[in-house]
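Each chain is listed here by its residues.
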Amino acid sequence: MTSEPGPAGSTATDHEDAVFEAATRWLRALLVPPVSPASNVLEPLVQAPKKRRAWWQRTWRDVEVTGNATALPLVASRDDEFVRRARQDLEVALDGALESRLLHVCGVFGLSEFERDILILLLLHAINTEIARLCSAMPESDLGRPTFALALGLAEDPVWEVLDAAEQHRLTRLTARPTWAALSPERPLRHWRLVEITQPAGQPLVTSPLRLDERIVNYLMGIDYLDDRIAPLCQRQLFAAGRDVLTSSQDAAIARGHRTAQEQLGAVDRSVVQLVGSDAFTRRLFAAHFAEGWGLDLYRVPLDVLSEANVAHDFARLWNRECRLQDLALVVEVPDASALSQHLLTRVLAVLDGLVVVDAPEPLRAALPSVLLDVTRPTHSEQLALWIEALEGGDEQWAERLAGQFDLNAGEIGSALTGTPSSGPAQWHHFRTRGRVQLADLAQRTVSSTGLDDVFLPAEDKRMLEQIRDQARHRATVYDRYGFRRQLARGLGITALFTGESGTGKTMAAEALAGELELDLYRIDLSGVVSKYIGETEKNLKRVFDAAEQSGAVLLFDEADAIFGKRSEVQDSHDRYANIEVSYLLQRMEAYEGLAILTTNMKNALDQAFLRRLRFIVSFPFPGPVERRKIWVGTFSGLDEPARQRLGIDSLDFDALAKPGITGGQIRNIAVNAAFLAAARDGVLTMTLLADAARDELRKSGRPFVAADFAAWTNPQPRRNLPETEEAR
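Since we're looking at a predicted model, the values are computed, not measured.

A.B. asks: Help me understand the sheet that holds strand β13 (residues 443–446) in this model?
C.D. replies: Pairing between the strands of a sheet is mediated by backbone hydrogen bonds and can be parallel or antiparallel. The strand order across the open sheet built from 6 strands is β13-β15-β16-β17-β14-β18, with neighbouring strands paired in mixed fashion. Of all strands in the sheet, those bounded by a partner on one side alone are β13 and β18 (616–620). Neighbour to neighbour, the strand axes of the sheet diverge by 25 degrees on average, direction disregarded. Where strand β16 (residues 554–557) lies against strand β17 (residues 595–600), 3 bridges are found, and the strand directions are parallel. Each residue of the ladder has a partner; that of L556, found in β17, is I597.

Structure follows, in structure tokens:
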């Protein structure tokens, strides 16, 4: 409640106290138990004309008929004139307390005057021991607890009832006129669960004890909190001024959404806003600002929590009640756009009031009208300006790299700096590792120090690898500085296909590109992605792409033909859902803005529609003698000089090693296995040991070991020392 001074210097709290004091005086005067009849008081009642009342209005004031004798009525000893004056004081206090919580409850829930009197009776019974004691003395109470019969009995005013309309207008009634409908399940007291009824088996409803809901008692006493029956299902989303920062483009989008939602909310009791976008953090950011713009406290609830109908019904009833007591907004977190999620969401939205924000990665077809708001991160120019301001010395080169590689919100950039300028390399490392946790269970991170100088390909194919690297480095310059982003609606990422036989260096080239770009490389584990359950494969792939976009990771779909295969004609339901998976992959690959590399040794097995979406197709041919010699030399070039001397690398015949037709992968395996053979002997790596390792490697791949191909793989013969005389001759 606000405590700002009113017109006469009084505060809302003062008015609230005045209402409670007046209500207490009124009930104190009204709650007077009946006493035995006396001759001096019976006469006026007997002589007073009676007005016929409904059967349910007959109370302890009526004459009880027993057999042929008529018992005398019980007579109240209360002073009705004093009650009328107290009632007038209460009405005056209520008229002067426009910000009273009591009046707020009566207004927002649509209580009648009689229902308001019941509310006051139950409230004071809960908080005032004197009123509780007086209630216990009344014959209609149940073990000291108020009942509906008590409320009806207190509402009796026989003197007022017999007056004509003009006289009734001049005379204040003891209470509001009673109505049986007040206890109907459709009326506010029970519909909104303001009143709890304890009705044991066999006990009439009218004599069952009533109790004001604890949450309503605390609200009327000035205590605000979320009802503890729904609080465990929700999570409060607090607004953090330093973290939840919007740029001008995002702020303009929020303002447009506010205007549209306001128009909708003016026509109905609810406003549904769909926040759609791939990044969950940005959706939370928009939801926080959307609620903050209307001064609402924000709570979040996952859709699956409300999947059971009874839970959703109870939650909605109590949440809608809270929305009338406090300024609240609810975010419903929807995991996907499946038919089940859309069905559940439609059912939940139908019973929720107020501002409901749907947090979903994709637009949903809800039965109710909604405002669709695309959630976007800051523009490249805005991120660039933030990085220049944040980095130490305003390093524009690193700011350009960071803004081009990582798509971040203003708060994310600011929170990573911890209030002090930082270096570009430190921030690069920080953000490249963001998605590791999310990708860990679906992909395998590959760590390698390989560079493009270690990849040996024909000149044309090598040049294409360098183009891939350069486009990944300078995409921000082309898309944003040059303005090509406005011309391209999709396909902003770089997708490359590496095709060639096993062992020709496809995976190594992917590692080299990731190393050159200083990004993490993740090999997609198809066993962890593809699922036999319908729809699960798409969910897993979505998680992969979303996490990769967070960290800017390079994705490697090894043996891509297994997952990006040709779409087939639909013969049964399995074919139909398999084609859906392929179509989803095609769409997501096109929308992915990172670098995705696919490898296959069966190019013809890939879907032609997918091939059209590829920007690069790099062939990895079987290496020729020149490439094989470079690979052999490169395999040992990474060893330090002492190791090279111990192994005797300089004595190897690299021209001879390059003659047999083997792949780069086989060359590396042969070199490593031969080194183990040398370690088990005298520590010298010889041509003979390499031949033995080659024999094992070819046997593993099912190829015969042709001795003629490896005839030159022999150790050089030591030079024979001749006698000096022979040498002289």
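Read on for the rest.
A.B. asks: I'm lost on the nonpolar core in this one. Help?
C.D. replies: Within soluble globular proteins, side chains that are nonpolar generally end up buried alongside one another. Grouped together as the largest cluster of nonpolar side chains are 53 residues, with contacts concentrated most on L27, L31, F114 and F148. When residues of this core are traced back to their parent elements, those giving at least two are α1 (12–30), α3 (80–95), α4 (101–109), α5 (113–127), α6 (129–136), α7 (148–154), β6 (210–212) and α11 (214–220). Not counting residues up to four positions away in its chain, the partners in contact with L27 are I120, L121, L124 and I131.

A.B. asks: Would you mind showing me how to read α5 here?
C.D. replies: Within an α-helix, residues lying three or four positions from one another point in the same direction, as the helix has 3.6 residues per turn. With 15 residues, α5 ought to run about 21 Å at 1.5 Å a step, and its terminal C-alpha atoms sit 21 Å apart, in line with that. α5 sits mainly inside the fold: 12 of its 15 residues count as buried. Buried residues of α5: F114, E115, R116, D117, I118, L119, I120, L121, L122, L123, L124 and H125, and no others.

A.B. asks: Hey, could you run me through the pattern of salt bridges in this one?
C.D. replies: It is possible for side chains of opposite charge to pair when their charged atoms get near one another. In total, this model carries 41 salt bridges according to the counting rule given. K700 serves as the salt-bridge partner of E697, at 3.1 Å between the closest nitrogen and oxygen. Remark: K700 and E697 occur in helix α31 (residues 687–701); sequence separation between them is 3 residues, near one turn of the helix. Linked through salt bridges whose partners overlap, the residues forming this network are R87, E91, R116 and D117.

About the criteria used
The numbers attached to residues start from 1 for each chain and follow its sequence in the written order. Since the coordinates come from a predicted model, pLDDT governs what is reported: local features require at least 70, and pairs of side-chain atoms require 80 or more to be given and counted, while whole-chain, interface and lining totals use all residues. Side-chain measures here rest on the full set of heavy atoms in the structure, leaving out hydrogens and waters. Only when DSSP finds a minimum of two bridges between them are two strands counted as paired. In this description a helix means any DSSP run of H or I spanning at least four residues, a strand means any run of E spanning at least two, and both kinds are numbered starting from the N terminus. Angular values range over 0 to 180 degrees, each being the angle between N-to-C directions of two axes fitted as lines to C-alpha atoms, with helices fitted over their stretch in contact. The definition of a nonpolar core used throughout is a set of buried Ala, Val, Leu, Ile, Met, Phe, Trp, Tyr and Cys residues joined through side-chain atoms within 4.5 Å. Any residue under 20% of the maximum accessible area for its type is buried, any over 50% is exposed, and the rest in between are partly exposed; the area is computed with a 1.4 Å probe on protein chains only. The criterion used for residue contact is that any of the two residues' heavy atoms lie within 4.5 Å. What a helix should span is 1.5 Å times the count of its residues minus one. For this analysis, a salt bridge means a side-chain nitrogen from Lys or Arg found within 4 Å of a carboxyl oxygen belonging to Asp or Glu.

Purely spatial values, then, with no claim about function.
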